[in-house]
Amino acid sequence: MAPPALQVIGITKAFPGVVANDHIDFALQRGEIHVLLGENGAGKTTLMNIIYGLYKQDKGQILLNGHEVEIENPSAAIAHGIGMVHQHFMLVPPLTVAENIILGVETVLGRTAFLGRLGFLDLNGAVRRISELSEQYGLQIDPRAYVRDLPVGSQQRVEIVKALYREADILILDEPTAVLTPQEADELFTIMRSLTSQGKSIIFITHKLKEVFAVADRITVLRNGRVVARPDGKTTLEPAETSEAELAAMMVGRDVALTMQVEPGQPQDVVLSVRNLRVLDDRHLVAVDGVSFEVRQGEILGVAGVHGNGQRELVEALTGLRPAVSGQVTLLGRDITRASPREITELGAAHIPEDRQKHGLVLSYPVKDNLVLNRYYREPFARRGVMDADAITKNAQALVQRFDIRTPSVDTLEGNLSGGNQQKTIVAREFSRPIQLLIAAQPTRGLDVGSIEFIHRQLVQRRDQGTAVLLISAELDEVLSLSDRIAVMFKGQIIRLLEREDLTGDEQAIRERLGLLMAGIA
Ligand SMILES: Nc1ncnc2c1ncn2[C@@H]1O[C@H](COP(=O)(O)OP(=O)(O)O)[C@@H](O)[C@H]1O
Ligand SMILES: [Mg+2]
């Protein structure tokens, strides 16, 4: 039998405080799509960065076609026929596709590398070659288009062409679907199959179980830096011999509920009302473009959309973090359009922020202080301006228990907790006071399946206790399984509000409809 196209043996890599890769063995056969599945922090990107020459392993070997190689840097990886499409694209927007590809400038991990054939730029030759490659693999790339005009899905295909242009035989795709609509993801899967059928080998990284069964030839699961074995000792599986439930359990280390059965909510009075809201982004461009909606007591209004369509600015405006240019926001009838974050909090709104490390927590403070961040100055945690250390500790101990926050103690610094436990800290704090409105922005992004399950339950529980919940999420599954109604955002506008009756029936059809709406096709 031919040796694997790529094999790693005993790869180990430690960062301060964490072993990111712990004796990883893994083999990529020629012509296969090998899914590397694992939760956030499992060590997938680290392993790929080692294979691509961005990191040097502490221990272990890399073999290409059975021969051991040293991969000192990305240029060496490319010379060995390895191409990588990074989680964040590395293209230069004002240049054309062809210019981007022949220039071959890559900035990775803050370092800039020139990977093209410098000295002599044959633009016409490049244009021809790119067209050929595009044709051969069904990539639909126009080499003369400007990158800035291309939608995200096409930019990703440019990255693939770039790797092929440099004669990559092995392609590493690191969570490529994170930025795609479901339809774009399906198109990518078709391209991946066209690539492997013509002899390319692909490592496809994801944490989404549904995608595994759509594309995988074989699957390897990573958890805590290690390859996970099934009880029968197998570490690499074919789709036919496993299931979503089994893979989820391998990813998490225990059984998990994959989909939650959520009973419909009982909407009552309007809590949050937004009228013709306009908000600018950091570059002073219109990010929220005349948005209107209401959220009622006892319902979850989901906002679906691909990242970067104004969701972030919308949330910031509603929580007092960003000024509105025009329009009106009312909370329980009070105008909060120009209120400060603290005023909005005191009126009974809670916020689970998208960037928990920036807005939700003070990482250099202990867990117990983070659990009272918005209340430390009032009773029962302070009296006449003096904080009550005992009350703060007792509060923390109770919340740590109730919300299952995994921490050595309430005095541990928040920054030492995992992402899932940091998020639970925010949820615990925000839910431990009476709230009328909850704004949850990407509440489970980057969390393990176990924490996701927990937070979903908490959201539904809150709703059933009469809180109005606004859920903003780029995860279509999350929005679909939790929402009573769904607003789809595209280019700063709500292009459709789907009511309960639009969301009952054939799930596949609903998904497809939502996917099209997310792409701006109404
Ligand atoms: N450059 C780095 N410095 C320190 N720690 C890192 C670095 N890169 C990754 N890690 C840590 O290594 C672990 C694995 O991360 P990563 O490989 O990015 O996981 P994945 O891609 O599976 O989400 C995490 O705990 C992460 O915090
Ligand atoms: Mg990663």
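Sequence order sets the numbering: in each chain, residues are counted from 1 along the sequence as written. Ligands are numbered from 1 and chains lettered from A, in the order in which they are written. The model is predicted, so local features are restricted to residues of pLDDT at least 70 and side-chain atom pairs to those at 80 or more, both for listing and for counting; the totals for chains, interfaces and linings are taken over all residues. No hydrogens and no water enter the side-chain calculation; it runs on all heavy atoms of the structure.

## Here we look at the domain arrangement of the protein
Here comes step 1: Looking at the protein, the domain boundaries give domain 1 (6–252), domain 2 (257–348 + 434–522) and domain 3 (362–433).
Here comes step 2: Annotation comment: domain bounds sourced from an automatic or database domain assignment. Each of domain 1 and domain 3 has a C-alpha centre, and the two are 40 Å apart.

## Comments concerning the site of ligand 1
Here comes step 1: Consider each residue's heavy atoms; a residue with any of them within 4 Å of a molecule or strand counts as near. Around ligand 1 lies a shell formed by F15, V18, A20, E39, N40, G41, A42, G43, K44, T45, T46 and Y55.
Here comes step 2: Taking G41, its main chain carries an N or O atom lying 2.7 Å from an oxygen atom of ligand 1.
Here comes step 3: Within the backbone of G43, one N or O atom sits 2.9 Å away from an oxygen atom of ligand 1.
Here comes step 4: To measure how exposed things are, a 1.4 Å probe is used in the Shrake-Rupley method; for residues, cover is taken only from the protein chains shown. Here ligand 1, which alone exposes 560 Å², has 64% of that area covered by the protein.
Here comes step 5: Counting only elements with at least two residues in the shell around ligand 1, the list comes to strand 2 (18–28) and helix 1 (44–51).
Here comes step 6: Going along the chain from the N terminus, every DSSP run of H or I of four or more residues is numbered as a helix, and every run of E of two or more is numbered as a strand. Counting residues per element, the shell around ligand 1 draws most heavily on helix 1, at three residues.
Here comes step 7: Basically, the charged four are Asp, Glu, Lys and Arg, the nonpolar ten are Ala, Val, Leu, Ile, Met, Phe, Trp, Tyr, Cys and Pro, and anything else, Gly included, counts as polar. When the residues that make up the shell around ligand 1 are grouped by side-chain class, the tally is five nonpolar, five polar and two charged. Under the rule applied, a polar contact is a pair of N or O atoms within 3.5 Å (in protein, one hydrogen donor and one hydrogen acceptor; residues adjacent in sequence only if both atoms are side-chain atoms).

## A look at helix 6 (residues 182–197)
Here comes step 1: To estimate the expected span of a helix, subtract one from its residue number and multiply by 1.5 Å. With 16 residues, helix 6 should cover 22 Å at 1.5 Å per step; its first-to-last C-alpha distance of 23 Å lies within 8% of that length.
Here comes step 2: Exposed residues in this analysis have more than 50% of their type's maximum accessible area, buried residues have under 20%, and partly exposed residues fall in between, with area computed by a 1.4 Å probe over protein chains only. Listed as buried for helix 6 are A185, L188, F189, I191, M192, S194, L195 and T196.
Here comes step 3: Contacts are assigned to residue pairs that have any heavy atoms within 4.5 Å of one another. Looking at the buried positions of helix 6, the neighbouring elements they touch are strand 3 (33–37), helix 4 (123–137), helix 5 (152–165), strand 9 (170–174), strand 10 (201–206) and helix 7 (209–215).

## Observations concerning the side chain of E430
Here comes step 1: When you line up the elements, E430 lands in helix 14 (residues 419–431).
Here comes step 2: Within the structure, the side chain of E430 is placed 3.4 Å from the backbone nitrogen of H351, a separation counted as a polar contact.
Here comes step 3: If sequence neighbours within four positions are ignored, E430 has contacts with A350, H351, N374 and I435.

## Quick look at the pattern of salt bridges
Here comes step 1: By definition here, a salt bridge exists when the distance from a side-chain nitrogen of Lys or Arg to a carboxyl oxygen of Asp or Glu is within 4 Å. If you walk through the whole model with that rule in mind, you get 34 salt bridges.
Here comes step 2: Notably, a salt bridge pairs K162 with E159, separated by 3.4 Å at the nearest N-O pair. Taken together, the positions of K162 and E159, both in helix 5 and three residues apart, correspond to about one turn of that helix.
Here comes step 3: The exposure class assigned to K162 is buried, which follows from its relative accessible area of 2%.

## Some details on the packing of helix 14 against helix 15 (residues 449–464)
Two quantities define a packed helix pair, namely the angle between the helix axes and the distance between the axes.
Here comes step 1: Fitting a line to C-alpha atoms yields each axis, with helices limited to the stretch in contact; the angle taken between N-to-C directions then spans 0 to 180 degrees. Their axes nearest at 10 Å, the elements helix 14 and helix 15 cross at an angle of 15°. Taken together, the axes of helix 14 and helix 15 lie roughly parallel to each other. In this structure, helix 14 crosses over helix 15, and the sense of that crossing is left-handed. Seen from helix 14, the contacting residues are G420, Q423, K424, V427 and F431; seen from helix 15, they are S451, F454, I455, Q458, L459 and R462.
Here comes step 2: Class assignment of the residues belonging to the contact of helix 14 with helix 15 gives a composition of five nonpolar, four polar and two charged. What sets the label is the angle itself: under 35 degrees gives roughly parallel, over 145 gives roughly antiparallel, 65 to 115 gives roughly perpendicular, and the rest give oblique. Each crossing gets its hand from how the near helix is turned against the far one by less than a right angle, where anticlockwise is left-handed and clockwise is right-handed.

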